[in-house]
Amino acid sequence: MAPRDPTEGHRAASPLELLFDLVFVVAVGFAAMNLHEIEAEGHVASAVLSYGFVFFAIWWAWINFTWFATSFDTDDWLYRVMTFVQMAGVLVLAAGVRDVMVDGNTLIVVLGYVVMRLALVGQWLRVAVSSPEFRRTALRYSVGIVVVQVLWVLAVLLPYDVAQFVIPVLILLEVLVPPVAEAGARTTPWHTRHIAERYSLFTLIVLGEGLVASANAVIDGIAHADHLGSLLVLAACGLVIVAALWWIYFSREQHAHIRSLPTALVFGYGHYFVFAAAGALPAGIEVAVSADAGEADLSHATVAATIAVPVALFVLSIWALALRPTLTIGFNVTIVALALAVVASIAVPEASLVATAALVTAIVVVLEVAERRE
């Protein structure tokens, strides 16, 4: 398992990586579906917390595979088989999403998560054997991952009232593994353009869930003709919002922001909020559909917040990670102000969805004007 050349020309996502991403569509879809159901029942705070935990498990497994693959993707039969094992873990995790978010039972999610992580340990051990220059780094990763997985298994044995306080500590230990493993040793050779492309592709996956939610609004509108007008507006606004978020994300090249280990960690970890916000958006659209049909007993402001908050979080996250260094102070202030206005639009709930769509579109216009002035 020799390292890949970080300066390799025309490096693109492999068919195996694309298949790997498709498996995550299932997990992200289940998380969004359960977020919608719990929010529609009025338990918004608990829904967001449980969604945040589940999405961390999904995101962390994906990000670790992605950064490993950019450095050591040999694409031989053993690499492929071990990747398939990780995919199996994703499917197990997806099967346990509802248990965690509804019942607080973490057993199945942790089982799937541990399968994914231990399969990656096998990959790191191959690196330790095959690439002497990265042996120290690979062994650090292996030991760190195994120790934390043991702690996850032990946490399952705890009562949920206790485990919910232990889980944040375990998440912290997980995110500390890469910087500790890479510190004082030879840094793994990531390919900046390949990494940027991989993040872009996953962004498309989570944004695509929003398009499905918009389509569901149209379907419900056809089935309930008395709500057709409002649901068509909801579907149209949902499409505009998804398109605008896509436009914002892809308005700038991002590979230049991952040149060093600190910037790579900020870029990688910061994308948790980008992905989680994009994944929560379809749940918000579905909540709005349920509220319009009288199936969700929520205030207008709460319904508006399930859409406006993820949109604002997405915009502010990608602004901080990629847009801010490319803009003048004036344009930066404008982008932040418009993102905050999206949240403030909750105060006018009757028109909040239209306002959100308009404000996000305004951000696109601002970015286009800024690019032309450069």
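Residues numbered from 1 in each chain as written. Predicted model: local features only at pLDDT ≥ 70, side-chain atom pairs only at ≥ 80, totals over all residues. Heavy atoms only, no water.

**A few points about the overall build of the protein chain**
- Within the protein chain, the regular secondary structure consists of 13 helices and 0 strands.
- Along the protein chain, from the amino end to the carboxyl end, the secondary structure elements read α-α-α-α-α-α-α-α-α-α-α-α-α.
- The C-alpha atoms of the protein chain give 21 Å as radius of gyration, which agrees with the globular expectation for 374 residues (21 Å, within 12%).
- Counting only C-alpha atoms and orienting by the principal axes, one finds that the protein chain spans roughly 65 × 55 × 35 Å. (Helix = DSSP H or I, 4+ residues; strand = E, 2+ residues; numbered from the N terminus. Rg over C-alpha atoms; globule rule 2.2 N^0.38 Å.)

**Overview of the confidence of the model for the protein chain**
- Looking at the protein chain as a whole, its pLDDT mean stands at 88, while 97% of the residues score no less than 70.
- Mean pLDDT across the secondary structure elements of the protein chain bottoms out at helix α8 (residues 192-223), with 82, and peaks at helix α6 (residues 135-156), with 94. (pLDDT = per-residue confidence, 0-100.)

**Here's the deal with the environment of I145**
- Counting through the fold element by element, I145 comes out in helix α6.
- As a C-alpha pair, I145 and E174 span 29 residues in sequence and 7.4 Å in three-dimensional space.
- Here I145 is in contact with R117, L120, V121, W124 and V177, once residues within four sequence places are set aside. (Contact = heavy atoms within 4.5 Å.)

**Section: α6**
- Its 22 residues place the ends of α6 32 Å apart at the C-alpha level, agreeing with the 32 Å of an ideal helix rising 1.5 Å per residue.
- The set of residues buried in α6 consists of T137, A138, Y141, S142, G144, I145, V148, Q149, W152 and A155.
- Its buried side turned inward, α6 meets α2 (44-72), α5 (107-130) and α7 (160-182). (Expected span 1.5 Å × (residues − 1). Buried < 20%, exposed > 50% of the residue type's maximum accessible area, 1.4 Å probe, protein only.)

**Here we look at unusual backbone geometry**
- One non-glycine residue with positive phi stands out, namely H10, at about 60 degrees.
- Considering the arrangement of structural elements, one finds H10 in the segment before α1 (15-40).
- You will see that D75, though not glycine, has its phi angle at about 55 degrees, which is positive.

**Some points on the pattern of salt bridges**
- As enumerated under the stated definition, the model contains 7 salt bridges in all.
- R198 is the partner of E17 in a salt bridge, and the nearest nitrogen-oxygen pair spans 3.5 Å. One end of the pair, E17, is in helix α1; the other, R198, is in helix α8, with 181 residues separating them in the sequence. For the pair formed by E17 and R198, the shared burial category is buried.
- D76 is the salt-bridge partner of R126, the closest N and O atoms lying 2.7 Å from each other. Highlighted residues: R126 in helix α5 and D76 in the loop between α2 and α3 (77-95), separated in sequence by 50 residues. (Salt bridge = Lys/Arg side-chain N within 4 Å of Asp/Glu carboxyl O.)

**Things to note about the packing of α2 against α7**
- The N-to-C vectors of α2 and α7 enclose an angle of 20 degrees; their axes lie 12 Å apart at closest approach. Between α2 and α7, the crossing angle belongs to the class labelled roughly parallel. Pair α2 / α7 crosses with left-handed handedness. Here F53, F56 and W60 of α2 come into contact with α7, specifically with I167, I171, E174, V175 and P178.
- Across the contact of α2 with α7, the residue classes tally to 7 nonpolar, no polar and 1 charged. (Axes fitted to C-alpha atoms, helices over the stretch in contact; angles between N-to-C directions. Parallel < 35°, antiparallel > 145°, perpendicular 65-115°, else oblique. Left-handed = near helix turned anticlockwise from the far one by under 90°. Nonpolar A, V, L, I, M, F, W, Y, C, P; charged D, E, K, R; others polar.)

**So, the packing of aromatic side chains**
- Applying the stated criterion across every chain yields a total of 31 aromatic pairs.
- Each ring, one from F24 and one from F202, has its centre 6.2 Å from the other, and the planes form 75 degrees; the classification is edge-to-face. With F24 in helix α1 and F202 in helix α8, the pair connects residues that are 178 residues apart, well separated along the chain. Each member of the pair F24 and F202 is classed as buried.
- Site record: aromatic cluster; members linked through ring pairs are F20, F24, W62, F65, W67, W190, Y199, F202, F267 and F275. (Phe/Tyr/Trp six-rings, centres within 6.5 Å; stacked < 30°, edge-to-face > 60°.)

**Remarks on the side chain of T137**
- Relative to the helices and strands, T137 is located in helix α6.
- A residue is classified by how much of its surface remains accessible, and T137, at 0% relative accessible area, is buried.

**Description of the packing of α1 against helix α10 (residues 261-292)**
- Where α1 meets α10, the closest approach of the two axes is 8 Å, and the angle between their N-to-C directions is 40 degrees. Judged by the angle between their axes, α1 and α10 are oblique. In this structure, α1 meets α10 at a crossing whose hand is right-handed. Side by side, α1 and α10 meet where A32, L35, H36, E39 and A40 of the first sit next to G279, A280, P282, A283, G284, E286, V287 and S290 of the second.
- When the residues that make up the contact of α1 with α10 are grouped by side-chain class, the tally is 7 nonpolar, 4 polar and 2 charged.

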